[in-house]
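A look at the structure
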Amino acid sequence: MKRILWFRRDLRVSDNSLLTFGGEVLPIFIFDTNILDSLDINDRRITIIFNAVVKLKSDLQEIGLDLKIYYGKPIEILKHLASFGFDEVVASGDYDAYARQRDLEVSQFIHFRYLSDTYIFKPHEVLKEDKTPYLVFTPFYQKALKVLENREIFKKEIATHTLHTICYDGISGFKNSKCIQLDLEMKTLGFQKTELDQISLKSKLQSLRLKLCIYKLERDFLSLDATSNLSVELRFGTLGIRELLRFVQGLDGSADFIRQLIFRDFYAYLLFHFPRIEHENYKYSFNGIADQQKYELFCSAKTGVPIIDAAVTQLITTGKMHNRARMVAASFFTKDLLLPWQWGEKFFAKHLLDYDKASNVLSWQWSAGTGVDPQPYFRVFNPYLQAKRFDKDTFYIKQYLSQLCDIDLKNIHDEEWLLNNKILEYPRPIIRHHEASKIAIESFKHMEI
Ligand SMILES: Cc1cc2nc3c(=O)[nH]c(=O)nc-3n(C[C@H](O)[C@H](O)[C@H](O)COP(=O)(O)OP(=O)(O)OC[C@H]3O[C@@H](n4cnc5c(N)ncnc54)[C@H](O)[C@@H]3O)c2cc1C
């Protein structure tokens, strides 16, 4: 058998199912121009992927393999490779509409072997008694735990010694695509290298070991660094999901953390089973009111609601946003501003380093109350109460909004005060929360399910 091993969301050697096949293999990575062409020149994620690909190439070389790195359209590149007599392409699951269509097209000219390496469970592994997918997280989670108990998820997959790279000189370059060589540079891709925080995976795991026992208690507090910060590693597969499960297994507090990992699986599972929710509401015909002016104020952190503007500033300047801040911001966007959730999803997609279609779309639908879950449309976060509870000392708000540094924290948490006082270089709130949320609830109430 001759196989193309297509690395995508699994940019690592360690515990990678792709490397469990013996025989002749050609490991490849494709910088997909269908995706790259729509990104800004300084998109930070390209630097993350670039660094991960360079490391992957070097790690593969250490085990006697290599990585061919392509730049172009996957279909054209794989068609070209298929002409060299490969028997199949092997790759790991990717469930958004673009990825599914792309993989379907590939499967029409070469056998496509799908592996499940991105998530804990395969899409059909956790089903209800009647073999239909769960729509509610808690029963999914309970069933998932049972499946996990009965499975050898913790068995490490080791690259066999029988793998060897095919050497076809002719494979490299061809029309419209580039095969990038070892002296790979960001500018070859047309992107600028950006500065990233340099916390290594090893340090993140070491600090997770200490944080786990207080994870449940502290994970919602905005200025505490109480979460793992591993979403980017999970997104690009520089850390494998099985490896992470093994790492936390048995540690005090691991159950709450594993629950969140299962949440990640649940969202991918829902996107797999209900692909239309990538763009459409699952329930309710109401989809917000398009208002460009409100949208621009939100995206430029000028709503006058401190916790929202701090969250958006964090996103724009760092590519990150705390989970609690994401929830509060998405609720404000879809309920207080009554904007279509798809607009917010797109804005997050542009900036989040850990952007993942399934987690983002499903979380936005959850916030809007339009998703598969039983989240009622009338549950609206009050941004001032959320800030008072999860950023009591306003450390988070002041970290990102320097204009508020000299404002007393009790005023920052007080909507009336903010509405009635002028702060230098900071706007007054553009809406009054209880009025805006009343309108949102009324709007949903009158729409059919
Ligand atoms: C509106 C909105 C949009 C979101 N968009 C994304 C996204 O594009 N990509 C993304 O990875 N997460 C997304 N999330 C989920 C969550 O905010 C991030 O996974 C989390 O903040 C990442 O930080 P962490 O790694 O420190 O998380 P931890 O708390 O340490 O959790 C560990 C891991 O579990 C998973 N996880 C945790 N919480 C969730 C959750 N609520 N839903 C799904 N998975 C979760 C992540 O993979 C995370 O890395 C979104 C949440 C909301 C409310």
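Residues numbered from 1 in each chain as written. Predicted model: local features only at pLDDT ≥ 70, side-chain atom pairs only at ≥ 80, totals over all residues. Heavy atoms only, no water.

**Section: the domain arrangement of the protein**
For clarity, the cut-off: Segmentation of the chain into domains, including their bounds, is taken from an automatic or database domain assignment. Residues count as neighbours in contact if any of their non-hydrogen atoms are within 4.5 Å of one another. Here the quantity called buried area is the accessible surface, traced with a 1.4 Å probe, that two parts lose on coming together, added over both. What makes a salt bridge here is a side-chain nitrogen of Lys or Arg within 4 Å of a carboxyl oxygen of Asp or Glu, nothing more. Pairs of N or O atoms are called polar contacts if they sit within 3.5 Å, as long as, within protein, a hydrogen donor faces a hydrogen acceptor (for residues adjacent in sequence, only side-chain-to-side-chain pairs). Three residue categories are used. Nonpolar comprises Ala, Val, Leu, Ile, Met, Phe, Trp, Tyr, Cys and Pro, charged comprises Asp, Glu, Lys and Arg, and polar comprises the others, including Gly.
Split into domains, the protein comes out as domain 1 (1-118), domain 2 (119-153 + 202-273) and domain 3 (292-445). For domain 1 versus domain 2, the separation of C-alpha centres amounts to 25 Å. Domain 1 puts 18 residues into the contact, and the matching count from domain 2 is 19 residues. Buried surface at the junction of domain 1 and domain 2, both sides included, amounts to about 1,700 Å², of which 50% is carbon and sulfur. On the domain 1 side of the contact with domain 2, Arg9, Tyr95 and Thr118 bury the most area, a combined 40% of that side's loss. Taken together, the links from domain 1 to domain 2 amount to 3 salt bridges. The salt bridge involving Asp117 is made with Arg242; its shortest N-O contact spans 2.7 Å. For the pair domain 1 and domain 2, the number of links is 11 residue pairs in polar contact (both at pLDDT 80 or more). Considering only residue class, the side of domain 1 that touches domain 2 consists of 5 nonpolar, 4 polar and 9 charged.

**Side note on the nonpolar core**
Across soluble globular proteins, you tend to see nonpolar side chains buried next to one another. Short version of the rule: For the purposes of this section, nonpolar cores are sets of buried Ala, Val, Leu, Ile, Met, Phe, Trp, Tyr and Cys residues that join through side-chain atoms within 4.5 Å. Burial classes: relative accessible area under 20% of the type maximum marks a residue as buried, over 50% as exposed, and values in between as partly exposed (1.4 Å probe, protein chains only). Only DSSP runs of H or I covering at least 4 residues are called helices, and only runs of E covering at least 2 are called strands; the numbering of each starts at the N terminus.
The biggest cluster of nonpolar side chains holds 83 residues, and the ones touching the most others in it are Phe140, Leu244, Ile262 and Phe298. Take this core: its biggest share by element is 10 residues, from helix α9 (residues 254-273). Counting contributing residues per domain, this core is built from domain 2 (119-153 + 202-273) and domain 3 (292-445), each supplying no fewer than three. Excluding its chain neighbours within four sequence positions, the residues that come into contact with Ile262 are Ile120, Phe121, Phe137, Phe140, Tyr141, Ala144 and Leu145. In this structure, Leu5, Ile49, Leu189 and Leu196 belong to the second largest nonpolar core, which totals 32 residues.

**Quick notes on the site of the ligand**
Applicable threshold: Nearness of a residue to a molecule or strand requires only that one of the residue's heavy atoms be within 4 Å of it. Residue exposure ignores everything except the shown protein chains as possible cover, and the areas themselves are Shrake-Rupley values with a 1.4 Å probe.
For the ligand, the set of nearby residues contains 25 residues, the closest of which are Tyr215, Thr227, Ser228, Asn229 and Asn323. Between the ligand and Thr227, the relevant distance is 2.6 Å, taken from an oxygen atom to a side-chain nitrogen or oxygen of the residue. Measuring from a nitrogen atom of the ligand, one finds a backbone N or O atom of Asp354 at 2.9 Å. For the ligand, whose free accessible area comes to 820 Å², the fraction covered by protein is 94%. Elements represented by at least two residues in the shell around the ligand include exactly α7 (231-236), α9, α12 (323-336) and α14 (357-368). Of the residues forming the shell around the ligand, the biggest block, 5 residues, is contributed by α9. A domain-level breakdown of the shell around the ligand finds at least three residues from each of domain 2 (119-153 + 202-273) and domain 3 (292-445).

**Digging into the pattern of salt bridges**
Oppositely charged side chains can pair when the atoms bearing their charge come close. Summed over all chains, the structure comprises 24 salt bridges. Residues Lys350 and Asp40 are paired through a salt bridge, measuring 2.7 Å at the closest nitrogen-oxygen approach. Here Asp40 lies in the loop between α1 (33-36) and α2 (44-62) and Lys350 lies in helix α13 (residues 341-351), a separation of 310 residues in the sequence. For Lys350, a relative accessible area of 42% gives the class partly exposed. Among the residues examined, Asp40 registers a relative accessible area of 38% and is labelled partly exposed. For Arg113, the salt bridge goes to Glu88, with nearest N and O atoms at 2.8 Å. Remark: Glu88 occurs in strand β4 (residues 88-92) and Arg113 occurs in strand β5 (residues 111-115); sequence separation between them is 25 residues. Using a relative accessible area of 30% as the deciding quantity, one classes Arg113 as partly exposed. A cluster of three or more residues bridged by salt bridges with shared partners is formed by Arg8, Arg9, Asp94, Arg102, Asp103 and Asp356.

**Digging into the pairing of β5**
Along any regular strand, the residues point their side chains to alternate faces of the sheet. Rules: DSSP calls a pair of strands paired once it identifies at least 2 bridges connecting them. Here a crossover is taken to be right-handed if, once the strands point away from the viewer, the path from the first strand over the helix to the second is traced clockwise.
Two strands pair when backbone bridges link them, and β4 and β5 are joined in this way by 5 bridges, in the parallel orientation. Each bridged residue has a counterpart across the sheet, and for Val89 the counterpart in β5 is Phe112. Crossover connection from β4 via helix α4 (residues 97-107) to parallel β5: handedness right-handed.

**With respect to the packing of helix α5 (residues 137-149) against α9**
Convention followed: Lines fitted to C-alpha atoms define the axes, with helix axes restricted to the stretch in contact, and inter-axis angles between N-to-C directions lie between 0 and 180 degrees. In what follows, roughly perpendicular refers to angles from 65 to 115 degrees, roughly parallel to angles under 35, roughly antiparallel to angles over 145, and oblique to any angle outside these ranges. In this scheme the crossing of two helices becomes right-handed for a clockwise turn of the near helix relative to the far one and left-handed for an anticlockwise turn of less than a right angle.
Contact pair α5 / α9: the axes reach a minimum separation of 10 Å and the direction vectors enclose 110°. Classed by the angle they form, the pair α5 and α9 counts as roughly perpendicular. Here α5 and α9 pass one another in a crossing that is right-handed. Contact residues: α5 offers Phe137, Thr138, Phe140, Tyr141, Ala144 and Leu145, while α9 offers Ala255, Arg259, Ile262, Phe263, Phe266 and Tyr269.

**Details of the environment of Pro383**
Its location among the elements puts Pro383 in helix α15 (residues 383-390). If we skip the residues at most four places from it in the chain, Pro383 touches Val305, Ile307, Ile308, Val328, Phe332 and His433.

**Quick look at α9**
Which entries qualify depends on this criterion: To estimate the expected span of a helix, count its residues, drop one, and scale the result by 1.5 Å.
Its 20 residues give α9 an end-to-end C-alpha distance of 28 Å, which sits within 8% of 28 Å, the value for a rise of 1.5 Å per residue. When you tally the buried positions in α9, you get 14 out of 20 residues, the bulk of the element.

**Some points on the pairing of strand β1 (residues 2-7)**
Of all 6 residues making up β1, 5 are buried, and the element is well covered by its neighbours. Summarising the sheet, β1 and strand β2 (residues 23-32) pair through 6 bridges and their orientation is parallel. Note that in β2 the partner of Trp6 across the bridge is Ile28. Across 4 bridges, the pairing between β1 and β4 is parallel. Paired with Leu5 across the strands is Val90, a residue of β4.

**A few points about the packing of aromatic side chains**
What counts here: Any pair of Phe, Tyr and Trp rings, taking the six-membered ring for Trp, is counted once the centres come within 6.5 Å. Such a pair is stacked with planes under 30 degrees apart, edge-to-face with planes over 60 apart, and tilted for the rest. The rule is short: NZ of Lys or CZ of Arg within 6 Å of the ring centre and within 35 degrees of the ring normal puts a charge over the ring.
Within the structure shown, the criterion is met by 28 aromatic pairs. Consider the rings of Tyr295 and Trp343, whose centres lie 5.2 Å apart with planes at 75°: the pair is edge-to-face. Of this pair, Tyr295 sits in helix α10 (residues 292-299) while Trp343 is found in helix α13, placing the two residues 48 residues apart along the sequence. Taking relative accessible area as the criterion, Trp343 reaches 25% and is therefore assigned partly exposed. Where Phe298 meets Phe347, the ring centres are 6.0 Å apart and the plane angle is 75°; that geometry is what we call edge-to-face. In this pair, Phe298 is assigned in helix α10 and Phe347 in helix α13, connecting sequence segments 49 residues apart. The exposure class of Phe347 is buried, given its relative accessible area of 7%. Note that Arg8 overlies the ring of Trp6, its terminal NZ or CZ placed 4.5 Å from the centroid.

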